[in-house]
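Letter by letter, the chains look like this.
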Amino acid sequence: MAGKRILIVEDERDIADLVAMRLKREKYDVEIAGDGLEGLRKIRSSPPDLVLLDLMLPKMSGVEVTAELRKDPSTADVPILMLTAKSEESDIVVGLHVGADDYVTKPFSMSVLLARIAALLRRSETTGKDRPKREELLHAGPITIDEQRHHVNVDGKPIQLTLTEFRLLVAVVTGKGRVLTRDQLINKGMGVDAVVTDRTIDVHVTSLRRKLGSARKYVETVRGVGYRLASVDHEES
Ligand code: CA
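Residues numbered from 1 in each chain as written. Predicted model: local features only at pLDDT ≥ 70, side-chain atom pairs only at ≥ 80, totals over all residues. Heavy atoms only, no water.

Trainee: Report on the sheet that holds strand E10 (residues 180-181), specifying residues and quantitative values.
Mentor: Sheet architecture is open: 3 strands sit in the order E10-E12-E11, paired in antiparallel fashion. Each edge of the open sheet is held by one strand with a lone partner, namely E10 and strand E11 (219-222). Bridging between E11 and strand E12 (residues 226-229) involves 4 bridges; their strand directions are antiparallel. Considered in E12, the bridge of Val 219 is made with Leu 229. Here helix H6 (residues 163-174) sits on the sheet in contact with E10, E11 and E12, set at roughly 65° to E12. Sitting on the sheet, helix H8 (residues 198-212) is in contact with E11 and E12, with an inclination near 145° to E11. (Pairing = 2+ DSSP bridges. Helix = DSSP H or I, 4+ residues; strand = E, 2+ residues; numbered from the N terminus. Contact = heavy atoms within 4.5 Å. Axes fitted to C-alpha atoms, helices over the stretch in contact; angles between N-to-C directions.)

So this is what it looks like as structure tokens:
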């Protein structure tokens, strides 16, 4: 993972400097932005490989920055790891809803933070452009997935998914109707070493469904177990 560019968006200078120092020791290329607006500008001018995004920021909150990034196709799949205080739990859910990939609560141990960063970078690597070429498209009803280009169309219209949503959708569609437990989805969507709860998966799936619009019914809930690809052609509404 050496040489990967990480942008830290954090207004508490001490934390930002400490994290930057540690990341540089791991040979990451690190930049710091001190408020949400500066962070957004830096990401737009040159998208990094990962953003460490504090939630409570001057000028623009982490949630607002995430929402802006996800709206724009050129930054829609930049991996975002939110930094939050435990007291901001409702904000964490909002942050995941608008498209953050994962979060770490403050105070965090540096080794936990490094592990999460590495896991997120690995996920983006296997989904991203470094992946070997695959020509086939995946289909499910009106949904078309171009795995290599990370494009998803519904009824021929492109939709913007976060990295996690994209990987979850691919897992469900390639499952071909097999039920995937939340644990399996956590492994496929978030990386094996991600420490995430069932609720995190549910939040990502809810957000994925919202973006799928009329095609949402293809991602079917199996109560108490998980999710699967539904065959719903016979029950079009
Ligand atoms: Ca802050």
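Trainee: I'd like to hear about the coordination of the calcium ion, residue by residue, with values.
Mentor: Around the calcium ion, the protein contributes the donor atoms Asp 11 (OD), Asp 54 (OD) and Met 56 (O), at 2.1 to 2.4 Å from the metal centre. Classification of Asp 11 as partly exposed rests on a relative accessible area of 33%. Looking at Met 56, the relative accessible area reads 47%, which means it is partly exposed. (Donors = N, O, S within 2.8 Å, 3.2 Å for Na, K, Ca; no water. Buried < 20%, exposed > 50% of the residue type's maximum accessible area, 1.4 Å probe, protein only.)

Trainee: So what about the pairing of strand E7 (residues 143-146)? Which residues, and what values?
Mentor: With 3 bridges connecting them, strand E6 (residues 138-140) and E7 associate as antiparallel partners. Looking at the pairing, Leu 138 lines up with Ile 145 of E7. The antiparallel pairing of E6 with E7 creates a hairpin that spans 2 residues between the two strands, and Gly 141 there sits at a positive phi of about 55°. Here E7 runs beside strand E8 (residues 151-154); their pairing, made up of 4 bridges, is antiparallel. Counterpart to Ile 143 in the pairing with E8 is Val 154.

Trainee: Tell me about helix H1 (residues 13-25), and name the residues and values.
Mentor: Compared with an ideal rise of 1.5 Å per residue, which puts 13 residues at 18 Å, H1 spans 18 Å between its outermost C-alpha atoms and is within 8% of the ideal. Inspection of H1 places Ala 16, Val 19, Ala 20 and Leu 23 among the buried residues, and these make up the whole buried set. Down the axis of H1, the smallest arc covering the buried residues is 105°, so these residues share one side. H1 presents Asp 14, Met 21 and Arg 25 as exposed residues on the side facing more than 90 degrees away from its buried surface. Positive phi shows up at Lys 27, right after H1, with a value of about 70°. (Expected span 1.5 Å × (residues − 1). Arc of directions from axis to C-beta.)

Trainee: How would you sum up the pattern of salt bridges? Please name residues and give values.
Mentor: Scanning the entire structure with this criterion turns up 16 salt bridges. Connected through salt bridges with shared partners, the residues Arg 5, Glu 31, Glu 38 and Lys 42 form a single ionic network. (Salt bridge = Lys/Arg side-chain N within 4 Å of Asp/Glu carboxyl O.)

Trainee: Summarise the nonpolar core; cite the residues concerned and give the values.
Mentor: If you look at the biggest cluster of nonpolar residues, it comprises 27 residues, and the most contacted ones within it are Ile 143, Ile 145, Val 152, Leu 169, Leu 185, Leu 212 and Val 219. Tallying contributions element by element places H6 first for this core, with 7 residues. Ignoring any residue separated from it by four or fewer positions in sequence, one finds Val 152 in contact with Ile 143, Thr 144, Ile 145, Lys 157, Pro 158, Ile 159, Leu 161, Phe 166 and Leu 169. (Core = buried A, V, L, I, M, F, W, Y, C linked by side-chain atoms within 4.5 Å.)

Trainee: Describe the confidence of the model for the protein chain, with residues and values.
Mentor: Taken over all residues, the pLDDT of the protein chain has a mean of 86, while the share at 70 or more is 89%. By mean pLDDT, the top-scoring element of the protein chain is strand E1 (residues 5-9) (98), and the lowest-scoring one is helix H7 (residues 182-190) (77). Here residues 129-134 is a poorly scored stretch, pLDDT under 50, and it has 8 contacts once near neighbours within four places are set aside; other chains count. (pLDDT = per-residue confidence, 0-100.)

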